[in-house]
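Residue-level structure breakdown
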Amino acid sequence: MQGEFSGNIHLLNSQEDLLRLFRESSAAYSKIAILTDENTRDHCLPLLGNVPGTNISIPAGEENKNIGSAEKIWGELLAAGFDRNSLLINMGGGMITDLGGFAASVFKRGIDFIHVPTSLTAQIDAAIGGKTGINFEEVKNQVGTFAWPEKVLVFPDFLKSLPHRELKSGFAEAMKHAIISDPAYWEFLKTFDLTTANKEFLNLIDKSIQIKMEIVEKDPMEKKERKMLNFGHSIGHAIESFLQPGLLHGEAVAAGMICEAYISSKILDFPLSALEDIVCQVNKRFHKVSWENHQTDRIINKVYHDKKNKNGKLLFSLIEDIGSCIVEQEVGIDLIHESFRFYQNKGSC
Ligand SMILES: NC(=O)c1ccc[n+]([C@@H]2O[C@H](COP(=O)([O-])OP(=O)(O)OC[C@H]3O[C@@H](n4cnc5c(N)ncnc54)[C@H](O)[C@@H]3O)[C@@H](O)[C@H]2O)c1
């Protein structure tokens, strides 16, 4: 891919290409370690054949994207005598690419790392764009860095072992890419068959990476435009943090996109027909997330931790139409409550 940061992203069509790039990318280092979780160790690592180096494996699940897991990685790197000319390869979903990217970016003030994303969420989003992070005190991504991987090796065949529910979770981020910037892509996704063959996924992954990188290249440090990528996440992250473990990232973001599309209809005149369309498409793909009414205040409290907020003001990325997103829109607490009621009462189309 072209561009200052996109040049290190490789979308690979064959296992031979994956192995070749993997060998080339890791040859110059004094030591290499491969970080996996227990699922990607069993299902994905074997596709690389005999890899020289240490395998660091941690239990799967978002609840392990924490400082304890980072300490385990640093401990194993130290014990194995890793110097600054060492490489960490993060092979997994977004939990592993976020955690491993973070651990590498601060170990000995930063060692090189490569992402080998294995879930759809990681291939189109988490491994793309240079954000790393861990959760802290039950709030998502509160500690992290901007740090660029040396390479990102995206191989869609990894998705063959990904559970279908996880695949759908990643699809929510593709929907977000379409909603914030590309009406034609939105139409393409509406009829996308998630049980489809590899070639169709290649097109989806390619398009989503392009959209994300176009935005990231304009604003790598998320001062302004990059905040568009947070559409659905102000509320999505709050729901996700509150309902952990059990709810997947994309499932929470899907719910967040309905709430934030509703808020957009109130603040930016986002057309009601487009709101209906989003509700319909999300409900077609995702089960409704539920919680007790008395828990709503506690979920909304978590919105206050969102990193886009400034001076106590809740700032959201909202949409004025499909394909057009505006950042830093102040949202009042009453409207957030209203959007939760809209989400809970709105049936499918
Ligand atoms: N840094 C960013 O810009 C960014 C963007 C989006 C999401 N994220 C983060 O990504 C995380 C969510 O990513 P995720 O949904 O990939 O979660 P995940 O890494 O927890 O993976 C989901 C599940 O799928 C399993 N898995 C992954 N690949 C597999 C494969 N090929 N075969 C079998 N099992 C496989 C994992 O073991 C895990 O059980 C969240 O922490 C979120 O905050 C970060």
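Residues numbered from 1 in each chain as written. Predicted model: local features only at pLDDT ≥ 70, side-chain atom pairs only at ≥ 80, totals over all residues.

1. Describing the pairing of strand β3 (residues 54-58)
As paired elements, strand β2 (residues 31-37) and β3 share 5 bridges and run parallel to each other. Across the sheet, residue Thr36 finds its bridge partner in β3, namely Ser57. In this region the chain leaves β2, passes through helix α2 (residues 38-43) and returns to the parallel neighbour β3; the handedness of that crossover is right-handed. (Pairing = 2+ DSSP bridges. Helix = DSSP H or I, 4+ residues; strand = E, 2+ residues; numbered from the N terminus. Right-handed = clockwise from strand over helix to strand, strands pointing away.)

2. Quick look at the site of the ligand
Contacts to the ligand come from 30 residues, most closely from Asn39, Gly93, Gly94, Met95 and Ser119. For the shell around the ligand, the elements supplying multiple residues, two or more each, are α2, α4 (94-106), α5 (120-126), β7 (139-143) and α6 (164-181). In the shell around the ligand, the residues fall into 8 nonpolar, 14 polar and 8 charged. In this structure, the shell around the ligand is formed jointly by two domains, domain 1 (6-161) and domain 2 (164-345), each of which donates at least three residues. (Near = placed C-beta within 6 Å. Nonpolar A, V, L, I, M, F, W, Y, C, P; charged D, E, K, R; others polar. Domains from an automatic or database assignment.)

3. Some remarks on the sheet that holds strand β4 (residues 86-92)
Strand order across the open sheet formed by 6 strands is β1-β8-β5-β4-β2-β3, with parallel pairing between neighbours. Both outer strands of the open sheet, β1 (9-11) and β3, are each paired with one neighbouring strand and no more. Strand-to-strand twist across the sheet, computed as the mean angle between neighbouring axes with direction ignored, equals 20 degrees. Summarising the sheet, β1 and strand β8 (residues 151-154) pair through 3 bridges and their orientation is parallel. The residue of β8 that forms the bridge with Ile9 is Val152. Where helix α1 (residues 15-26) meets the sheet, it contacts β1, β2, β4, β5 (112-117) and β8, and its direction lies at approximately 165 degrees from that of β8. Along the sheet, α4 contacts β2, β4 and β5; its crossing angle with β4, the most-contacted strand, is approximately 165 degrees. (Axes fitted to C-alpha atoms, helices over the stretch in contact; angles between N-to-C directions. Contact = placed C-beta atoms within 7 Å.)

4. Brief notes about the environment of Val282
By secondary structure assignment, the location of Val282 is in helix α11 (residues 272-285). Each C-alpha atom, one on Val282 and one on Lys190, is 9.7 Å from the other, the two residues being 92 residues apart in sequence.

5. Notes on the domain arrangement of the protein chain
Taken domain by domain, the protein chain comprises domain 1 (6-161) and domain 2 (164-345). Listed by partner, the interface residues are 25 residues for domain 1 and 29 residues for domain 2. Element by element, the count of residues in the side of domain 1 that touches domain 2 is highest for α5, at 5 residues.

6. Quick look at unusual backbone geometry
Its identity is not glycine, yet Lys108 carries a phi of approximately 50 degrees, on the positive side. Structurally, Lys108 can be placed in the loop between α4 and β5. Classification of Lys108 as partly exposed rests on a count of 14 C-beta atoms within 10 Å. Phi is positive for Glu222, close to 55 degrees, though the residue is something other than glycine. Its place among the elements puts Glu222 in the loop between α8 (198-218) and α9 (233-242). (Buried ≥ 20, exposed ≤ 12 C-beta atoms within 10 Å, placed from the backbone.)

7. Quick notes on helix α3 (residues 67-79)
Think of an α-helix as 3.6 residues a turn; residues three or four steps apart then line up on the same face. The end-to-end C-alpha separation of α3 is 18 Å, in line with the 18 Å expected for 13 residues at 1.5 Å each. Among the residues making up α3, those that are buried are Ser69, Ala70, Ile73 and Leu77. Looking down the long axis of α3, one finds its buried residues gathered within 105 degrees of arc, a one-sided arrangement. Of the residues in α3, the exposed ones pointing more than 90 degrees away from the buried face are Gly68, Glu71, Gly75, Leu78 and Ala79. (Expected span 1.5 Å × (residues − 1). Arc of directions from axis to C-beta.)

8. Notes on the environment of His294
Within the fold, His294 resides in the loop between α11 and α12 (296-303). For the pair His294 and Phe342, spaced 48 residues apart in sequence, the C-alpha to C-alpha distance is 16 Å.

9. Structural notes on the nonpolar core
Residues Leu35, Leu88, Ile179, Met257 and Ile258 are the most contacted members of the largest nonpolar core, which totals 91 residues. With 10 residues, the top contributor of residues to this core is helix α10 (residues 249-267). Of the residues that make up this core, three or more belong to each of domain 1 (6-161) and domain 2 (164-345). When near neighbours in sequence (up to four residues on either side) are disregarded, Ile258 contacts Ile278, Val279, Val282 and Tyr343. (Core = buried A, V, L, I, M, F, W, Y, C linked by C-beta atoms within 7 Å.)

10. Some points on the packing of α9 against α12
Contact geometry of α9 with α12 gives a least axis separation of 8 Å together with a crossing angle of 125 degrees. On the basis of the axis angle, α9 is oblique to α12. Where α9 crosses over α12, the handedness of that crossing is right-handed. Contact with α9, carried on its side by Ser234, Ile235, Ala238, Ile239, Ser241 and Phe242, involves Arg298, Ile299, Ile300, Lys302 and Val303 of α12 and no other residues of that element. A breakdown of the residues in the contact of α9 with α12 according to their chemical character gives 7 nonpolar, 2 polar and 2 charged. (Parallel < 35°, antiparallel > 145°, perpendicular 65-115°, else oblique. Left-handed = near helix turned anticlockwise from the far one by under 90°.)

11. What to know about the environment of Gly61
Note on placement: Gly61 falls in the loop between β3 and α3. On the basis of neighbour counts, which here come to 13 C-beta atoms within 10 Å, the residue Gly61 falls in the partly exposed class. Separated by 35 residues in sequence, Gly61 and Ile96 have C-alpha atoms that sit 9.3 Å apart.

12. Here we look at the packing of α10 against α11
Closest axis-to-axis distance for the α10/α11 pair is 10 Å, and the angle between their directions is 170 degrees. With respect to their mutual orientation, α10 and α11 come out roughly antiparallel. For the pair α10 and α11, contact is made by Ala254, Met257, Ile258, Ala261, Tyr262 and Ser265 and by Leu272, Leu275, Ile278, Val279 and Val282, respectively. Across the contact of α10 with α11, the residue classes break down as 10 nonpolar, 1 polar and no charged.

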